[in-house]
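# An overview of the molecular structure
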Amino acid sequence: MNNFMVFCHLLVFSPCVKSVFPPPCDSEIYCAGDVLQQVQKAKLFDDDKYFVDMKLRATPDLVLSAFQNLSNESWNTTIPSPKLRAFLSMYFEEPGKEFEPWTPPDWHDKPKFLGKIADLQLRNWAEKLHHLWKPLGRKMRADVKDHPELYSQIYTPHPVIVPGGRFRELYYWDSYWVIKGLLLSEMTDTAYGMIQNFLYLVNRYGFVPNGGRIYYERRSQPPFLTLMVESYYQVTEDEEFLRTALPALEQEYLFWMQNRSVKVEVKGTEHILNRYNVQVDSPRPESYTDDEVLAEGLAHDVKQQLWTDLKAGAESGWDFSSRWYVNSKGHNNGTLRDTRTSQILPVDLNALLCRNEKTLASFHRILGDGDSAARYDQAAARRLEAIESVLWDAKRTAWFDYSLLTHSSHFEFYPSNLAPIWAECYSQPAMGEEAVQYLKDSGALRFPNGVPTSLRESGQQWDYPNAWPPLQHMLIDGLSKLPSENAKQLALDLAQRWIRTNWLAYVKYDAMFEKYDVNRDGKPGGGGEYEVQLGFGWTNGVALQILDQYGASLTSGGSNVSSGPLLPLVVTVLLTLR
């Protein structure tokens, strides 16, 4: 791996600037170099991700040589768009060629959980969601393993369920809710294969990449693999599987502690907490022009900082959100240019790692290793102390992200402020109930179709007015675990709101979306770098889990739903699911 990149300005006599950070991957086509730069800047496709998902028709050396010859024929080495199109047609294939037709062999009609849903319309809808696993299934062709140099796709040995739309490969944290849904659908073999893929990736990289493309291979996503294994074990009680998976789970945990942790001192005591931090240079290949345009006019070091923090934002899964903004005055405000993800200690990441530590301890106890269990129990206890010293605010009765730049908390509302309830990572029972009151007082419950991702309308997709399935599920699941009837009733109320907007959207558009608008019944969400996507893996998984948990109480509210004019994008994106 190169330890640095060299940037030189063509036709301008200025010194080269060395970057201490590597590119997103080592490919001179998919992650760095003139081919990527010229193709993406020419805007030949509506979505930058399209090009970096294309398959090569020839070896990388031949493609690079042909491109160099074409550049030499062009003035200032810039190739005109028509010639670029012809070049791509000759040397690349459209995305999707890495897969072959596949239907999950363990899919079958009428899984048992359907019988728990009292409302007939919701039960029929749940059955349709169960059917959606089939069109979202993908199996890689053997050629991806035999000729990896021709693909940006990372080979994994087992078929997967993909999110859908432009997301035509596996994604890390999405897959937790997909796997939970598959297990409800009694598709244990498919779930097992997906988990095996992630274990394979840990053994190859030392961690799970963001997704199944080489341009994602130097950043991760929220580490849910331990909880995937837990979910599978709870269904199968397969101790041998647990035994074989455990070394990779510990390796991933070590990655996060060695590469994504930071010391922070509060009131004279030093604590260790985790953050998202991707020390990789250059624009994201899949969003190349967005990153280039955003950084225009910035000094080199500021530009590099912005690009690394954008990748850290992508690693968080919240790409993008005002949650990661820190402006020049140190306030949690600004624009996308003010993204400083690596300088924020996120509540939900640390709650997740706390839950992972407790889960790893339980795995070791199941397997009879008391010493290792005690070691993870101690790690969870240290993290709990850190979370309550650094992130808990007793006056506001919730947990808040912490800025490493200002050594202070960010007090904006995000559903992640209650993640420790979901993770059961708090020391006093009263803290959970106090946090419920914080939620009620926050203003986030006044919307009819879910809890918004924030109360700030920034234009980014992980902000108001969007509501996202994983955040809804974590809230509902956490509240349902609290002992009070007040919290349990709130969980049921939020479950009803979420199922209703999912169901109404399905009735209107015959589709499931990645996110929804909290203000409009059945309206898909918007904002961000791309059009709203449908399919949709984690949305289906969350809906099935809520229907399983609350099916006896949830109602469709009647069938008088106007079909309305279809969103123009729906027809377009549906084609990608074929």
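Since the model is a prediction, treat every value here as computed from it, not as a measurement.

## Some thoughts on the sheet that holds strand E10 (residues 344–345)
The three strands are arranged E10-E13-E14 in an open sheet whose pairing can be described as antiparallel. The open sheet has two edge strands with one neighbour each: E10 and strand E14 (408–409). Where E10 meets strand E13 (residues 402–403), two bridges bridge the pair, whose relative direction is antiparallel. Looking at the pairing, Ile 344 lines up with Ser 403 of E13.

## Regarding the nonpolar core
In this structure, Phe 51, Phe 92, Trp 125 and Leu 225 are the most contacted members of the largest nonpolar core, which totals 177 residues. Among the elements that make up this core, the one with the highest residue count is helix H18 (residues 485–509) (twelve residues). Excluding anything up to four places from it in sequence, Phe 92 contacts Ile 29, Phe 51, Met 54, Lys 55, Leu 56, Arg 57, Val 63 and Phe 87. Counting residues in each nonpolar core, the second largest holds eight residues, with Ala 295, Trp 307, Leu 310 and Phe 320 among its members.

## A few points about the pairing of strand E9 (residues 269–274)
In terms of strand pairing, strand E8 (residues 261–266) meets E9 through six bridges, oriented antiparallel. Among the inter-strand pairings, Ser 261 is bridged to a residue of E9, identified as Asn 274. Hairpin remark: E8 followed by E9, antiparallel, with two residues in the connecting loop; positive phi at Lys 267, about 55°.

## Thoughts on the side chain of Glu 292
With respect to the helices and strands, Glu 292 occurs in helix H11 (residues 288–294). Of the side chains bearing the opposite charge, Lys 41 lies closest to the buried Glu 292, which forms no salt bridge; the N-O distance is 4.2 Å. Those residues in contact with Glu 292, other than ones at most four positions away along the chain, are Lys 41, Pro 283 and Trp 307.

## A short note on unusual backbone geometry
The omega angle of the peptide bond from Asp 319 to Phe 320 is 5°, so this bond is cis rather than trans. As for its position among the elements, Phe 320 is in the loop between helix H12 (300–316) and E10. Following Tyr 464, the chain continues to Pro 465 via a peptide bond in cis, the omega torsion being 10°. For Thr 77, which is not glycine, the phi torsion reads 60° and is therefore positive. For Thr 77, the location among the structural elements is in the loop between helix H3 (60–72) and helix H4 (81–91). If you check the backbone angles, His 407 has positive phi at about 55° while not being a glycine.

## Description of the state of the cysteines
Under the criterion given, the structure shown has two disulfides. Each sulfur of the disulfide joining Cys 25 and Cys 31 lies 2.0 Å from the other. Here Cys 25 and Cys 31 share a disulfide; its torsion about the S-S bond, 105°, makes the bridge right-handed. For Cys 25, a relative accessible area of 1% corresponds to the buried category. A residue is classified by how much of its surface remains accessible, and Cys 31, at 2% relative accessible area, is buried.

## Overview of the environment of Leu 479
Structurally, Leu 479 is set in helix H17 (residues 469–481). Measuring from C-alpha to C-alpha, the distance between Leu 479 and Glu 433 comes to 9.1 Å, with 46 residues separating the pair along the chain. Not counting the four nearest positions on each side in its chain, Leu 479 is found in contact with Ile 421, Val 436, Leu 439, Ala 487, Lys 488, Leu 490, Ala 491 and Leu 494.

## Comments concerning helix H10 (residues 239–259)
An ideal rise of 1.5 Å per residue puts 30 Å on 21 residues; H10 measures up with 30 Å between its terminal C-alpha atoms. At Ala 245, H10 is bent by approximately 40°, the largest bend along its length, and proline Pro 247 sits one to four residues beyond. Looking only at H10, the buried set comprises Phe 241, Leu 242, Ala 245, Leu 246, Ala 248, Leu 249, Glu 252, Tyr 253, Phe 255 and Trp 256. One side-chain oxygen at the N-terminal end of H10 lies 3.2 Å from the backbone nitrogen of Glu 240; it belongs to Asp 238.

## Some remarks on the sheet that holds strand E5 (residues 99–100)
Strand order in the open sheet formed by three strands is E5-E6-E7, and the pairing between neighbours is antiparallel. If you trace the sheet from one side to the other, it starts and ends with E5 and strand E7 (160–161), each paired once. The pairing of strand E6 (residues 137–140) with E7 spans two bridges and is classified as antiparallel. Bridge assignment links Arg 138 to a residue of E7, and that residue is Val 160.

## Looking at the confidence of the model for the protein
Taken as a whole, the protein shows an average pLDDT of 93; of its residues, 93% reach a score of 70 or greater. For the protein, the element scoring lowest by mean pLDDT is strand E1 (residues 5–7), at 36; helix H13 (residues 347–366) scores highest, at 99. Here residues 1–17 is a poorly scored stretch, pLDDT under 50, and it has 33 contacts once near neighbours within four places are set aside; other chains count. In the model, residues 558–578 has pLDDT below 50 throughout and makes 33 contacts with residues more than four positions away in sequence or in other chains.

## Section: the packing of aromatic side chains
One pass over the full model with this rule turns up 43 aromatic pairs. Ring geometry for Tyr 172 and Phe 198: centres 5.5 Å apart, planes at 40°, overall tilted. One end of the pair, Tyr 172, is in the loop between E7 and helix H7 (174–184); the other, Phe 198, is in helix H8 (residues 188–205), with 26 residues separating them in the sequence. The same class applies to Tyr 172 and to Phe 198, which are both buried. Ring centres of Trp 318 and Tyr 414 lie 6.1 Å apart, and the angle between their planes is 80°; this geometry places the pair in the edge-to-face category. Of the two residues, Trp 318 is situated in the loop between H12 and E10 and Tyr 414 in the loop between E14 and helix H15 (419–423); the sequence distance between them amounts to 96 residues. Side by side, Trp 318 and Tyr 414 carry an identical accessibility label, which is buried. Taken together, the ring pairs in this structure connect Trp 173, Tyr 176, Trp 177, Phe 224, Trp 318, Tyr 414, Trp 422, Trp 462, Trp 468 and Trp 538 into an aromatic cluster. Residue placement shows Lys 134 over the ring face of Trp 107; its charged tip is 3.9 Å from the ring centre.

Rules used in this analysis
Sequence positions are assigned chain by chain, starting from 1 and proceeding in written order. Reporting of local features is limited, given that this is a predicted model, to residues whose pLDDT is at least 70; pairs of side-chain atoms are given and counted only at 80 or more, and all residues count toward the totals for whole chains, interfaces and linings. With hydrogens and water set aside, each side-chain value is computed from the structure's full complement of heavy atoms. For two strands to be treated as a pair, DSSP must find no fewer than two bridges joining them. Secondary structure elements are defined from DSSP: runs of H or I of at least 4 residues count as helices, runs of E of at least 2 residues count as strands, and each element is numbered from the N terminus. Residues belong to a common nonpolar core when they are buried Ala, Val, Leu, Ile, Met, Phe, Trp, Tyr or Cys residues joined through side-chain atoms within 4.5 Å. Only protein chains enter the accessibility calculation, which uses a 1.4 Å probe; a residue is then buried when its area is under 20% of its type maximum, exposed when over 50%, and partly exposed in between. Contact definition: two residues touch when any of their heavy atoms are within 4.5 Å. When charges are counted, Lys and Arg are positive and Asp and Glu negative, with His and the chain ends excluded. Take a side-chain nitrogen of Lys or Arg and a carboxyl oxygen of Asp or Glu: if they are within 4 Å of each other, that pair is a salt bridge. When two cysteine sulfur atoms are found within 2.5 Å, that pair is recorded as a disulfide. To estimate how far a helix should reach, multiply one less than its number of residues by 1.5 Å. To get the bend at a given residue, fit one axis to the seven residues ending there, fit another to the seven starting there, and take the angle between those axes. Throughout this description, a polar contact denotes any pair of N or O atoms lying within 3.5 Å of each other; where both atoms belong to protein, one of them has to be capable of donating a hydrogen while the other can accept it, and for residues adjacent in sequence the pair is counted only when both atoms sit in side chains. Note: pLDDT gives the predictor's confidence per residue, expressed from 0 to 100. Between rings of Phe, Tyr and Trp, where Trp is taken as its six-membered ring, a pair exists when centres lie within 6.5 Å; planes separated by under 30 degrees are stacked, by over 60 edge-to-face, and by other angles tilted. The rule for a charge over a ring is simple: NZ of Lys or CZ of Arg within 6 Å of the ring centre, and within 35 degrees of the ring normal.

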